[in-house]
Amino acid sequence: MMNQKQKEDVQRRLGKIEGQIRGISKMVETDRYCMDILSQVRAVVSAIRKVEDLVMDQHLHTCVADSMRHGDEADQNEKIAEIMDMLSRFRRIG
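On a predicted model such as this, the values are computed, not experimentally measured, just so you know. (Residues numbered from 1 in each chain as written. Predicted model: local features only at pLDDT ≥ 70, side-chain atom pairs only at ≥ 80, totals over all residues. Heavy atoms only, no water.)

Colleague: Explanation requested: the pattern of salt bridges in the structure shown.
Modeller: A full pass over the atoms with the stated rule returns 7 salt bridges. Put simply, Glu18 and Arg22 hold a salt bridge, and the shortest N to O gap is 3.8 Å. Linking Glu18 with Arg22, this pair stays in helix α1 (residues 4–29), spanning 4 residues, or about one helical turn. Its salt-bridge partner being Arg89, residue Asp85 comes within 2.6 Å of it at the nearest N-O pair. Of this pair, Asp85 and Arg89 both sit in helix α3 (residues 73–93), separated by 4 residues, roughly a single helical turn. (Salt bridge = Lys/Arg side-chain N within 4 Å of Asp/Glu carboxyl O. Helix = DSSP H or I, 4+ residues; strand = E, 2+ residues; numbered from the N terminus.)

Colleague: Can you walk me through the environment of Leu60 in this structure?
Modeller: Its location among the elements puts Leu60 in helix α2 (residues 34–70). Ignoring anything within four residues of it in the chain, the contact list for Leu60 reads Ala65 and Ile83. (Contact = heavy atoms within 4.5 Å.)

Colleague: Would you mind showing me how to read α1 here?
Modeller: Note on helix geometry: an α-helix contains 3.6 residues per turn, so any two residues three or four positions apart are oriented the same way. The terminal C-alpha atoms of α1 lie 37 Å apart, and with 26 residues this matches the ideal 38 Å at 1.5 Å per residue to within 8%. Asp9, Val10, Ile17, Ile24 and Met27 are the residues of α1 that are buried. Elements that come into contact with the buried residues of α1 comprise α2. N-capping of α1 is provided by Asn3, with a side-chain oxygen placed 3.1 Å from the backbone N of Lys5. (Expected span 1.5 Å × (residues − 1). Buried < 20%, exposed > 50% of the residue type's maximum accessible area, 1.4 Å probe, protein only. Polar contact = N/O pair within 3.5 Å; in protein donor to acceptor, adjacent residues only side chain to side chain.)

Colleague: Please clarify how the side chain of Thr62 should be interpreted in this entry.
Modeller: The topology assignment puts Thr62 in helix α2. Under the relative-accessibility criterion, Thr62 is labelled buried at 17%. A polar side-chain atom of Thr62 sits 2.7 Å from the main-chain carbonyl oxygen of Gln58.

Colleague: Is there a simple way to explain a nonpolar patch on the surface in this structure?
Modeller: A contiguous nonpolar surface patch, about 340 Å² in accessible area, is contributed by Met68, Ile80, Met84 and Leu87. For the nonpolar patch, the leading source of residues is α3, giving 3 residues. With respect to the element layout, Met84 can be found in helix α3. (Patch = residues over 30% accessible without salt bridge, like charges linked within 9 Å, V, L, I, M, F, W, Y side chains within 5 Å. Areas by Shrake-Rupley, 256 points an atom, 1.4 Å probe, with all protein chains shown as cover.)

Colleague: Explain the environment of Asp85 here, please?
Modeller: Judged by its relative accessible area of 39%, Asp85 falls in the partly exposed class. A sequence separation of 33 residues divides Asp85 from Glu52, and the C-alpha atoms of the two residues are 15 Å apart.

Colleague: Teacher, can you tell me more about the nonpolar core here?
Modeller: For soluble globular proteins, the rule of thumb is that nonpolar side chains tend to be buried together. Core analysis: the biggest nonpolar cluster contains 7 residues, these being Val10, Ile17, Ile24, Met27, Ile37, Val44 and Val51. Secondary-structure elements contributing two or more residues to this core are α1 and α2. Examining the composition of this core, we find that 4 residues originate from one element, α1, more than from any other. Once residues lying within four places of it in the same chain are set aside, the contact partners of Val44 are Ile17, Gln20, Ile21 and Ile24. (Core = buried A, V, L, I, M, F, W, Y, C linked by side-chain atoms within 4.5 Å.)

Below, the structure written as structure tokens:
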């Protein structure tokens, strides 16, 4: 679980991403140069990956760490399987 500061950080970042997406939409609508649009798309992808990193870091430090501390082997195996599945999906989509 995220604490309030972490939630606010993620929400702030998502708000910026939302604004960037609206900006890209406007760029397409006004026939901006394709390379400029692509540059903004890459900026959004980078921003989303940062949010992804923050959420994963938080998950590892809370949910996974708690599971490892409490010694429930079934829960530990479940957390490990979830992470491995997610990493596998990350590698497929780059």
